[in-house]
Amino acid sequence: MIDRQKREAHNILRGLNTVQKQAVECTDGPSLVLAGAGSGKTRVLTHKVAYLIDRKKIPSSRILSLTFTNKAAREMRERILQLVNPCYGELWCSTFHSFFARILRMEAEKLGYTQNFTIYDTDDQAALIKKIQNGMTMTIEQCPINAIRSRISHLKNHLKLPEHAKESAVDYFDEHVAMIYQEYQDNLKAANAMDFDDLLLKPIELFHLFPESLAYYQKRWHYVLVDEYQDTNHPQYLLLKSLSEKHRNLTVVGDDDQSIYRWRGASLRNILEFEKDFKDCKTFRLEQNYRSTKNILHVANSIVMHNSSRMEKQLWTKNDDGELVSLLWNSTGEEESSRIIYKIKDEFQRNKRNFSDFAILYRTNAQSRAIEDELRLNGIAYVIVGGIRFYERKEIKDILAYLRAVVNPLDEISVRRVINFPARGIGNVTLKKIEDFCSQHSISFFEGLTRVAEIDSIAEPTMQKIRNFSDMILKYNSVQHTISAAELAATLVEELGILVKYKEEGSEEALERRDNIGELLTQIRQFSNENEGNGNSLAHFLEEVSLITDIDNWDNDSNAVTLMTLHSAKGLEFPVVFIAGIEEGLLPLSRNSNNLEDLEEERRLFYVGITRAREKLYLSLAERRIRYGDSSFGGPSRFLHEIKHDLLELDRTQVSVSRSQRSYSYDDNLPVYEKKAPAAKKLKPGIIVRHPRFGKGVVRRVEGTGKETKADILFEDVGEKKIVIKYANLEIL
DNA sequence: ACGCACCCGATTTTT
DNA sequence: TCGGGTGCGT
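Described below are features of the structure shown in this document. Since this is a predicted model, take the numbers as computed values, not measurements.

## A few points about the protein's contact with DNA strand C
- As a matter of local geometry, DNA strand C sits amid Lys130, Arg369, Tyr628 and Gly629.
- Put simply, 42% of the atoms of DNA strand C that lie within 4 Å of the protein are in sugar or phosphate.
- For DNA strand C, a phosphate oxygen lies 3.3 Å from a polar atom in the side chain of lysine 130.
- Between DNA strand C and arginine 369, the relevant distance is 3.5 Å, taken from a phosphate oxygen to a side-chain nitrogen or oxygen of the residue.
- Its residues assigned to classes, the surface near DNA strand C comprises one nonpolar, one polar and two charged.

Have a look at this one:
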């Protein structure tokens, strides 16, 4: 036992370079790790947590690691568990939003919410704003919902209250927004709902109003570590500052050159001024890149050095020069797609690559379509990250809205969403009558439904329909704690009869919707199994779902080419990367070419894309491309001129394949799209399993594939064992 | 209350 | 070009 601990402690520092080691060993006080792309940023973070637990004997429950995505949080947890014995206690790796949502669930009453509050996503926000705008009597001119939504979000992120917004309004739009903003906040409160921004703002309010509550959390967390610090916004900055005020052990890791979420409130200031904000802070610069070839890195450096607001850094690598970066110069958008696919096949055959080695990145989702068509035509498997998310599909949102209404009937947006779905003859006129009744009596929309008998103008048959609806919601509301989420959801879907309806409809679209709902029910079932006896699992499920995103589910296990936006690619790496559409108007996007700050963010976005590539980078552009139905010509991106010419290899080879010749669907030389066995896929370090003989344990390491897969598992009772999966009959918990 | 036709608008989207 | 949202007609 002691031997193993020694070995592990040694492992924690082994394989780190000098700066990385210094950063890990610097445990006391604030520290800033400026980590260039591919320089082992997450490595420093995970090793530091492991070091704290193992060397400094800090209970893991005192260490808080915050990230932006669930995927990053999950990976961080797994990597820490590979380094240290997890038995010291719970390990806290979480996203900002889910961490603070968790706090808010506990403290909701103090802020006038109940603990089963609903989290509103962008769609719900839009629906609410729309409702408010439609209800405004003196409205002269309507404004685009999304413009209002993002303005309100902007105001909130700058801690501007509706009163402030009113005072500082300079034009009609500002005034209009300020009015809606006020009502928007009131409505959220009445609906017992919070939007994403509130998940950060309400904790600030909580800490402000209840200093003893803040003191509790300050005492609770001895160490706070943050990944991707360059993307934090102002509320996040304030929260980090107050949470770490007592122990002062705040470690932030980030790269100002990779800050690409300014448009969403991220403040580059946070990382640029960290040394001023935390006076005695220690700064570490990780400038050695382990990911890319020298050529790729030179291109990346030559681009990003054109930015003015950045901290001076020079990435270098011991890796080989590698191939030159290729510039695929095309005349049209279609040619671009063909050429990329041609290159993929070429790389595939010449360099023995897997399809999962390739990523095709683009600035806008709309660009994916042409590339997808070409991939399909050539029988190459691909996965798209982003676009329409599973949980944003209409049918999924409909079911979720029912579940949300059941958990929180005050959630007016959800109730309204489903009151006439499936169609049950309750139309706009009736809704308006109920609405008026509710505002006359100052009651919630749902209470209005239950008191529909008092509304004279509604005809009896309609009343009955409304009563049926509200009774149904109440029925499920009353059993939510006695039956499992899975059972509740399945019964509800059954009662609604939508699966049958979609089946009868029979169209491809309807069948897909039916399947999606089936998939949702499966997910709820899984969730129920995993969280048995955890109180109200339906509410938990809804919270988890509202904080999940597409990239969280992306797993590069399937042998397929990955397509995604430059934004989604941050944090990932691929042997071969294509960046499509390096044109004026697209990169930089025309809207963001006018002011310097926007332009610099576009440049960083390009930089992020370039630095995803390990071995080979292709840049691609088209002289003409169809956009919004028109043919447009932006010309090569200005960023191309920032690359030294001897780093680029111009490739203008014509791809001489016509549509008809390419219409075969499978090429014998291409492997069949194949997914890895689900069992092997799910078994990852950090996962809890049950063994028929040894009981419960946590997976530490996985080696081998297929039938050969073995795993080191640390069991609660019998210690660590190496298990051959094939024979073990493990149950994944 | 529902269906169809037309019109407008159109980044990126960690949560 | 394409999809969603509005408004009119039944």
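Let's pick the thread back up.
## What about the state of the cysteines?
- The full count for this structure, using the stated rule, is zero disulfides.
- Here cysteine 281 is not disulfide-linked; the sulfur of cysteine 26 is the nearest cysteine sulfur, at 8.7 Å.
- Judged by relative accessible area, cysteine 281 falls into the buried class, the value being 14%.

## Some points on the layout of surface pockets
- The space that makes up the second largest pocket amounts to roughly 1200 Å³.
- Lining the second largest pocket are 38 residues; nearest its centre among them are Lys131, Ile132, Glu412, Arg416 and Glu435.
- Contributing elements (two or more residues each) for the lining of the second largest pocket: α6 (122-135), α9 (172-190), α18 (394-407), α19 (412-418) and α20 (428-441).
- It is α6 that provides the largest number of residues to the lining of the second largest pocket, a total of eight residues.
- In the lining of the second largest pocket, the residues fall into 17 nonpolar, eight polar and 13 charged.

## Side note on the nonpolar core
- Residues Leu400, Tyr402, Leu403, Leu449, Phe469 and Leu520 are the most contacted members of the largest nonpolar core, which totals 53 residues.
- Per element, the largest residue contribution to this core is nine residues, and it comes from α18.
- For leucine 403, the residues in contact, after removing those within four places along its chain, are Leu488, Ala489, Leu492, Ile524, Leu538 and Leu542.
- Core analysis: the second largest hydrophobic core is formed by 42 residues, Ile103, Leu104, Ile119 and Met311 among them.

## Thoughts on the protein's contact with DNA strand B
- In the vicinity of DNA strand B lie 29 residues, with Arg363, Arg389, Thr549, Thr565 and Leu589 positioned nearest.
- Restricting attention to atoms of DNA strand B within 4 Å of the protein, one finds that 50% of them are sugar or phosphate atoms.
- One of the side-chain N or O atoms of serine 568 is found 3.3 Å from a phosphate oxygen in DNA strand B.

## What about the packing of α6 against helix α7 (residues 145-157)?
- One can describe the packing of α6 onto α7 by two numbers: an axis separation of 9 Å at closest approach and a directional angle of 110 degrees. With respect to α7, the axis of α6 lies roughly perpendicular. Regarding α6 and α7, the two cross each other, and that crossing is right-handed. Between α6 and α7, the contacting residues are Thr122, Gln125, Ala126, Ile129, Lys130 and Gln133 on the first element and Ile145, Ile148, Arg149 and Ile152 on the second.
- Its residues assigned to classes, the contact of α6 with α7 shows five nonpolar, three polar and two charged.

## As for the environment of glycine 15
- Within the element layout of this structure, glycine 15 appears in the loop between α1 (2-13) and α2 (18-25).
- For glycine 15, a relative accessible area of 59% gives the class exposed.
- Ignoring sequence-local partners within four residues, the contact set of glycine 15 consists of Gln20 and Arg43.

## Comments concerning the pairing of strand β12 (residues 561-565)
- Counting buried positions over the five residues of β12 gives five, a clear majority of the element.
- Covered by surrounding structure in β12 are Val561, Leu563 and Thr565 together with Thr562 and Met564, the residues of both alternating faces.
- Pairing between strand β10 (residues 358-362) and β12: four bridges, direction parallel. What sits directly across from alanine 359, in β12, is threonine 562.

## Description of the packing of α18 against helix α23 (residues 485-496)
- Packing of α18 against α23 leaves a shortest axis separation of 11 Å and a crossing angle of 115 degrees. Considering only the axes of α18 and α23, their crossing is right-handed. Of the residues in α23, those touching α18 at Ile399, Tyr402, Leu403 and Val406 are Leu488, Ala489, Leu492, Val493 and Leu496.
- The class makeup of the residues in the contact of α18 with α23 is nine nonpolar, no polar and no charged.

## Quick word on the packing of aromatic side chains
- Counted by the stated rule, this structure contains 17 aromatic pairs.
- The interplanar angle of 45 degrees and the centroid separation of 5.2 Å between the aromatic rings of phenylalanine 68 and phenylalanine 96 together place this pair among those described as tilted. Of the two residues, phenylalanine 68 is situated in the loop between β2 (63-67) and α4 (70-83) and phenylalanine 96 in helix α5 (residues 96-107); the sequence distance between them amounts to 28 residues.
- Its relative accessible area of 30% is what places phenylalanine 68 among the partly exposed residues.
- Residue phenylalanine 96 is classed as buried on the basis of its relative accessible area, which comes to 1%.
- Seen in terms of ring centroids, tryptophan 92 and phenylalanine 99 are 6.0 Å apart; in terms of plane orientation they differ by 85 degrees. Their pairing is edge-to-face.
- Assessed through its relative accessible area of 1%, phenylalanine 99 is described here as buried.
- Aromatic ring contacts, followed pair by pair, group Trp92, Phe99, Phe100 and Trp221 into a single cluster.

## A short note on empty space enclosed by the protein
- Under the criterion given, the structure shown has three cavities of 30 Å³ or more.
- In this structure, the largest cavity spans a volume of roughly 40 Å³.
- Gly36, Asp255, Asp257, Asn301, Val304, Arg310, Lys313, Leu315 and Tyr607 together form the lining of the largest cavity.

## Examining the sheet that holds β2
- Spatial ordering of the open sheet is given by β3-β2-β6-β7-β1-β8, a layout of six strands whose pairing is parallel. Looking at which strands have only one partner, the edges of the open sheet turn out to be β3 (92-95) and β8 (282-286). The average angle at which neighbouring strand axes cross in this sheet is 15 degrees, direction not considered.
- In this sheet, strand β7 (residues 250-254) lies alongside strand β6 (residues 223-226) in parallel orientation, the contact comprising three bridges. Looking at the pairing, valine 226 lines up with valine 252 of β7.
- On top of the sheet, α2 reaches β1 (31-35) and β8; it is set at about 150 degrees to β8, its chief contact.

## Details of the side chain of threonine 67
- The topology assignment puts threonine 67 in strand β2.
- On the basis of relative accessible area, threonine 67 is assigned to the buried category, the value being 1%.
- Among the polar contacts made by the side chain of threonine 67, one reaches the main-chain carbonyl oxygen of threonine 69 at a distance of 3.1 Å.
- Setting aside residues no more than four positions away along its own chain, threonine 67 makes contact with Ala72, Ala73, Met76, Ser94, Thr95, Phe96 and Asp227.

## Description of the pattern of salt bridges
- Summed over the entire model, instances satisfying the criterion amount to 57 salt bridges.
- With a shortest N-O distance of 2.2 Å, lysine 570 and aspartate 231 are connected by a salt bridge. Placement of lysine 570 in the loop between α28 (566-569) and β13 (574-579) and of aspartate 231 in the loop between β6 and α12 (234-243) is noted, with a sequence separation of 339 residues between them. The residues lysine 570 and aspartate 231 share a single accessibility class, namely buried.
- A salt bridge links aspartate 373 to arginine 376; the shortest N-O distance between them is 2.7 Å. Placement of both aspartate 373 and arginine 376 in helix α17 (residues 368-377) is noted, with a separation of three residues, approximately one turn of the helix.
- Since its relative accessible area comes to 47%, arginine 376 is described here as partly exposed.

Cut-offs used in this document
Residues numbered from 1 in each chain as written. Chains lettered and ligands numbered in written order. Predicted model: local features only at pLDDT ≥ 70, side-chain atom pairs only at ≥ 80, totals over all residues. Heavy atoms only, no water. Near = heavy atom within 4 Å. Polar contact = N/O pair within 3.5 Å; in protein donor to acceptor, adjacent residues only side chain to side chain. Nonpolar A, V, L, I, M, F, W, Y, C, P; charged D, E, K, R; others polar. Disulfide = S-S within 2.5 Å. Buried < 20%, exposed > 50% of the residue type's maximum accessible area, 1.4 Å probe, protein only. 1 Å grid on protein atoms, 1.4 Å probe; cavity = no way out; pocket = protein on both sides within 12 Å on 5 of 7 lines; lining within 4 Å. Points joined across faces, edges and corners; volume = space filled by probe spheres on them. Helix = DSSP H or I, 4+ residues; strand = E, 2+ residues; numbered from the N terminus. Core = buried A, V, L, I, M, F, W, Y, C linked by side-chain atoms within 4.5 Å. Contact = heavy atoms within 4.5 Å. Axes fitted to C-alpha atoms, helices over the stretch in contact; angles between N-to-C directions. Parallel < 35°, antiparallel > 145°, perpendicular 65-115°, else oblique. Left-handed = near helix turned anticlockwise from the far one by under 90°. Pairing = 2+ DSSP bridges. Phe/Tyr/Trp six-rings, centres within 6.5 Å; stacked < 30°, edge-to-face > 60°. Salt bridge = Lys/Arg side-chain N within 4 Å of Asp/Glu carboxyl O.

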